[in-house]
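Descriptive structure summary
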Amino acid sequence: MSENILELRDIVKEYPVTSRVLQRRIAAVHAVSGVSLQVPEGATFGLVGESGCGKTTVGRMIVGLERPTSGSIVFEGRELGKLGLRERRRVQRQRQLVFQDPYASLDPRMRVGAIVREPLAVQRMFSRSERTATVRRLLDEVGLPRDAANRYPHEFSGGQRQRIGLARALALNPRLIVADEPVSALDVSIRSQVLNLMRELQSRHRLTYVVISHDLTVVRYVSDLIGVMYLGKLVEAGTSEEVYERSAHPYTAALIATIPLPDPAYERAKTHTAIRGELPSAIEPPRGCRFHTRCPHAQDLCREVEPPLRAFGPNHVAACHFPLQEPVEEKTAA
Amino acid sequence: MTGEQAPVLEVEELQVDIALRRSTVHAVDGVSFSIGPGETVGLVGESGCGKTTIGLALMQLLPVGGSIVGGAIRLEGRDVAALPEDEVRKLRGDRIGIVFQDPLTSLNPTMTIGAQVAEPLVIHRGASMRVARGRAAELLELVGLPSPTKQLDRFPHQLSGGMRQRVSLATALACEPALLVADEPTTALDVTTQDQILELLARLRAEIGMAVLLITHDLGVVAGQADRVLVMYAGKLVEAGTTNRIFYETRHRYTEALLRSIPRMTTSREEALYSIPGQPPDLSRPPRGCRFAARCAYSTEECLAEVPPFVGPPEHVHACVHPVEQATAVGSQSQVAP
């Protein structure tokens, strides 16, 4: 694959928990605890995990809506934290976000044309007539009727609203789009329309996508590379074949096994509850491996020592003391 | 499956209208089905197809403007639709329980968990609060809530989504209903939590032997849970049959399209995902004929003329003019090019 357009280096995000009386910082929510990953240009990187695992926070840091507490984000070879205000504003155009909820992410009092035009106005790009022409082209591109520009979001269905969100994200001609649960709110028949559109747009504009989702079948379908997060940590990453067919981390394997498939024979034969219990608190994450409280293979070592990421293939890494696959070094040694 | 025993629920030609300011939506338009004792029936379809409206009609909990304008709903032989409100109230929470999608909005935020689970027992069984609380603890244990007696005095917001859904299940099961209506019970949950709740539901069904109407848009959930499946589109049933027949010997073109739109583990990145063009019809002015015709790749003049009747053996009926031929059914991911 080509060069990395985006690289996260050990990024951490903590939110302070303050006491109500003295407004003193008493603890921190460890939303993201040291995540490193690389996204090659033109690829789709899928980030999966349960709610509260930090995947959305990672997405928001990538587009600049949140700043990491520590660590760095390198975009097109430049470290975002070190850019001046003007530079940052310019680079901002290159990274856009598509939100999950097409009902909440579009201003109900703005016409669709104004919504799609707004990023151009904010960035002071183009003349008035050029902006109007751009809006028309964008609406065309995402498959919305011409007259959509003069209508309001409530006149559109969920799928069409997600098209509006895509048009808005494309307005500044970005290089990278972070799509946070882009189809979760949509019905099955509409979902595939939007996924197909995203694919077309990607090849036409050479876009790089970071797709965040809890839906593992959707992520598998759209992604070249996949990262699995658990409680603020990246526990496994690799190509989608590596992660799905040769899962090394028990959490990944369990997640994949729990997806209900539209196949009655398979579903009836399935043994349930690979993962027991609840997600632990992110204020006091478990010591050692964070997954040990729910892991069927956990041993004393897992409760004490945090497992490092080890290589399982050319692009494949996982952080587990007792992985389901042989790590690469051990294989060559044997 | 339903066989000799009298069905728990019989729905006959049910019609539900919802009056809006300027128009009337025919949300459910002539739906018939029945559920036998201990049987789980999956009701699937996309948003707006009327599946939730059916669930609410069974409970007589239709929103303002909604009313049953035709047909009958018989729960254990009694026509629920014809009963006065105070009689319906006696059934609700007693013979028929309901679990909604979002337990945060369906549980009362100002009541402790113990009080909510105990409430149906106090109201329907005249139990004292003390006895009911004891029973509530047992019910919470049944649904797998850890240290149930300690949870009795906690409030819904102190629990996670999965735990809250367990509490609403316990409340629905308190009086051992003959029928449980579960409307998207796991849609708001993570896959791992969903798996735990589905396993719980299956275990409870086996232990208590109640009938379940499982309303969902997720065909994967239905595949593992239901004995029979009803497929609904735009206010009407289009196909109904045993779960195996629906998935492996699909007949209706809508069911086929729905199954093909789901990305499978085997779908490669290179192939475009099958998608159904267009939008569902406006149910204030439903089209004549087959309601799926406008979006169907196989539709002809004949489809538009009149509503296709149900055909097929009792274990598998469909209302399609150009049904899928058996040999090319989608169930086993075979290619059916339109």
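Counting restarts for each chain, with residues numbered from 1 along the sequence as it is written. Ligands are numbered from 1 and chains lettered from A, in the order in which they are written. Totals for whole chains, interfaces and linings use all residues, but because this is a predicted model, local features are given only for residues with pLDDT of at least 70 and pairs of side-chain atoms are given and counted only at 80 or more.

Re the overall build of chain A
Numbering of helices and strands runs from the N terminus, with a helix taken as a DSSP run of H or I at least four residues long and a strand as a DSSP run of E at least two residues long. For chain A, the helix and strand inventory stands at twelve helices and twelve strands. Taking 334 residues into account, the globule formula puts the C-alpha radius of gyration at 20 Å, and chain A, at 21 Å, falls close to it. Burial is judged by counting the other C-beta atoms within 10 Å of a residue's own C-beta: 20 or more makes it buried, 12 or fewer makes it exposed, and any count in between marks it as partly exposed, with every C-beta position built from the backbone. In chain A, which comprises 334 residues, the proportion classed as buried is 46%. By definition, residue pairs are in contact when their C-beta atoms, positioned from the backbone, come within 7 Å. The contacts of chain A with a sequence gap of at least 6 include a subset with a gap of at least 24, amounting to 64%. Here the globule rule reads 2.2 Å times residues to the power 0.38, and the radius of gyration is calculated from C-alpha atoms.

Remarks on the overall build of chain B
Secondary structure assignment for chain B yields twelve helices and eleven strands. Its C-alpha radius of gyration of 21 Å places chain B within 12% of the 20 Å reference for a compact globule of 338 residues. Taken along the three principal axes of its C-alpha coordinates, chain B extends 65 × 45 × 45 Å. Among the 338 residues that make up chain B, the fraction classed as buried is 50%. Across chain B, contacts joining residues at least 24 apart in sequence account for 66% of those joining residues at least 6 apart.

Observations regarding the interface of chain A and chain B
Listed by partner, the interface residues are 30 residues for chain A and 35 residues for chain B. Listed by contribution, the elements that provide at least two residues to the side of chain A that touches chain B are α6 (188-205), α7 (216-222), α9 (250-258) and α10 (264-269) of chain A. The greatest single-element share of the side of chain A that touches chain B, amounting to six residues, is contributed by α6(A). Lys, Arg, Asp and Glu make up the charged group, whereas Ala, Val, Leu, Ile, Met, Phe, Trp, Tyr, Cys and Pro make up the nonpolar group; the residues left over, Gly among them, are polar. Here the residues of the side of chain A that touches chain B sort into eleven nonpolar, eleven polar and eight charged.

A look at the nonpolar core
Formed by 98 residues in total, the largest nonpolar core has its most connected members in Leu179(B) and Val231(B). Broken down by element, the residue count for this core peaks at six residues, all from helix α7 (residues 161-173) of chain B. Listed in part, the 89 residues of the second largest apolar core include Ile177(A), Ile226(A), Tyr251(A) and Ala254(A). Think of a nonpolar core as buried Ala, Val, Leu, Ile, Met, Phe, Trp, Tyr and Cys residues chained together by C-beta atoms that fall within 7 Å.

Re the packing of α7(B) against helix α8 (residues 191-208) of chain B
Residue and element names in this part refer to chain B. Convention adopted: a line fitted to C-alpha atoms gives each axis, helices being fitted over their contacting stretch, and angles between N-to-C directions are expressed from 0 to 180 degrees. At a closest axis distance of 10 Å, the pairing of α7 and α8 adopts a crossing angle of 15 degrees. Comparing their axes, α8 and α7 come out roughly parallel. Here α7 runs over α8; the crossing is right-handed. Residues Gly161, Gly162, Gln165 and Leu173 of α7 touch α8, and the partners they reach there are Thr193, Gln196, Ile197, Leu204 and Ile208. By the definition adopted for this analysis, an angle is roughly parallel if under 35 degrees, roughly antiparallel if over 145, roughly perpendicular if from 65 to 115, and oblique otherwise. Two helices crossing with the near one rotated counterclockwise from the far one by less than a right angle form a left-handed crossing, whereas a clockwise rotation gives a right-handed crossing.

Remarks on the pairing of strand β4 (residues 70-75) of chain A
Two faces, one strand: in a regular strand the side chains alternate between the faces of the sheet. Residue and element names in this part refer to chain A. At least two bridges found by DSSP between two strands are what make those strands a pair. In the sheet, strand β1 (residues 4-18) pairs with β4 via five bridges, with the strands oriented antiparallel. Residue pairing in the sheet places Leu8 in a bridge with Ile73 of β4. Adjacent in sequence and paired antiparallel, β4 and strand β5 (residues 78-79) are bridged by two residues, among which Glu76 carries a positive phi angle near 50 degrees.

Structural notes on unusual backbone geometry
At Ser147(B), a residue that is not glycine, the phi angle is positive and equals roughly 35 degrees. Within the fold, Ser147(B) resides in the loop between α5 (129-142) and α6 (148-151).

Points about the sheet that holds strand β10 (residues 236-242) of chain B
All names here are of chain B. Reading across the sheet, the seven strands line up as β6-β7-β8-β3-β9-β10-β11 and stay open at both edges, with mixed pairing between neighbours. Across the chains shown, the open sheet's two edge strands, defined by having one partner strand only, are β6 (96-99) and β11 (316-318). Between one strand axis and the next, the sheet turns through 15 degrees on average, direction left out of account. One ladder, built from five bridges, connects strand β3 (residues 40-44) with strand β8 (residues 211-216); its direction is parallel. Pairing of Thr40 across the sheet is with Val212, part of β8.

A word on the pairing of strand β9 (residues 228-233) of chain B
Residue and element names in this part refer to chain B. Buried residues dominate β9, accounting for six of its six residues. Judged by which residues are buried, β9 turns out to be covered on both faces: Arg228, Leu230 and Met232 on one side and Val229, Val231 and Tyr233 on the other are all buried. Sheet topology note: the β3/β9 ladder contains four bridges and is parallel. Directly across from Val41, in β9, lies its bridge partner Arg228. Where β9 meets β10, six bridges bridge the pair, whose relative direction is antiparallel.

Structural notes on the sheet that holds strand β8 (residues 208-213) of chain A
Residue and element names in this part refer to chain A. The sheet built from eight strands is open, its strands ordered β6-β7-β8-β3-β9-β10-β12-β11 with mixed pairing. Two strands close off the open sheet at either side, each with one partner strand: β6 (95-98) and β11 (310-311). Here two bridges tie β11 to strand β12 (residues 317-318), and the two strands are oriented antiparallel to one another. Counted as the bridge partner of Arg310 is Ala318 from β12.

A word on helix α4 (residues 113-125) of chain B
Residue and element names in this part refer to chain B. Given a helix with a known number of residues, its expected span is that number minus one, times 1.5 Å. An ideal rise of 1.5 Å per residue puts 18 Å on 13 residues; α4 measures up with 19 Å between its terminal C-alpha atoms. Note on bend: the value at a residue is the angle between axes fitted to the seven residues ending there and to the seven starting there. Of all the bends in α4, the greatest, near 30 degrees, is centred on Glu119, and the proline Pro120 appears no more than four residues after it. Taken as a whole, α4 has its buried residues at Ile113, Gly114, Gln116, Val117, Ala118, Pro120 and Leu121. Against the buried residues of α4 lie α5, α6 and α7. Directly beyond the C-terminal end of α4, a positive phi value near 65 degrees is found at Gly126.

Description of the confidence of the model for chain B
For chain B, the average pLDDT comes to 89, and 95% of its residues sit at 70 or higher. Residue-level confidence of the predictor, termed pLDDT, takes values from 0 up to 100. Between residues 331-338 of chain B, whose pLDDT stays under 50, and residues either more than four places distant or in other chains, the model counts eleven contacts.

Looking at the environment of Asp215(A)
All names here are of chain A. Within the fold, Asp215 resides in the loop between β8 and α7. Accessibility expressed as a C-beta count within 10 Å gives 18 for Asp215, which makes it partly exposed. With 167 residues separating them in the primary sequence, Asp215 and Val48 have C-alpha atoms 7.5 Å apart.

So, the environment of Val11(B)
Position of Val11(B) relative to the elements: it lies in strand β1 (residues 9-19). Residues in contact with Val11(B), not counting those within four places in the same chain, are Val31(B), Ser32(B), Phe33(B), Ser34(B) and Ile73(B).

Some thoughts on the environment of Leu166(A)
Residues and elements named next belong to chain A. By secondary structure assignment, the location of Leu166 is in helix α5 (residues 158-170). In this structure Leu166 comes out as buried when scored by C-beta crowding, with 26 C-beta atoms within 10 Å. The sequence separation of Leu166 and Val142 amounts to 24 residues, and the corresponding C-alpha distance is 7.3 Å. Ignoring sequence-local partners within four residues, the contact set of Leu166 consists of Val98, Val142, Leu197 and Leu201.

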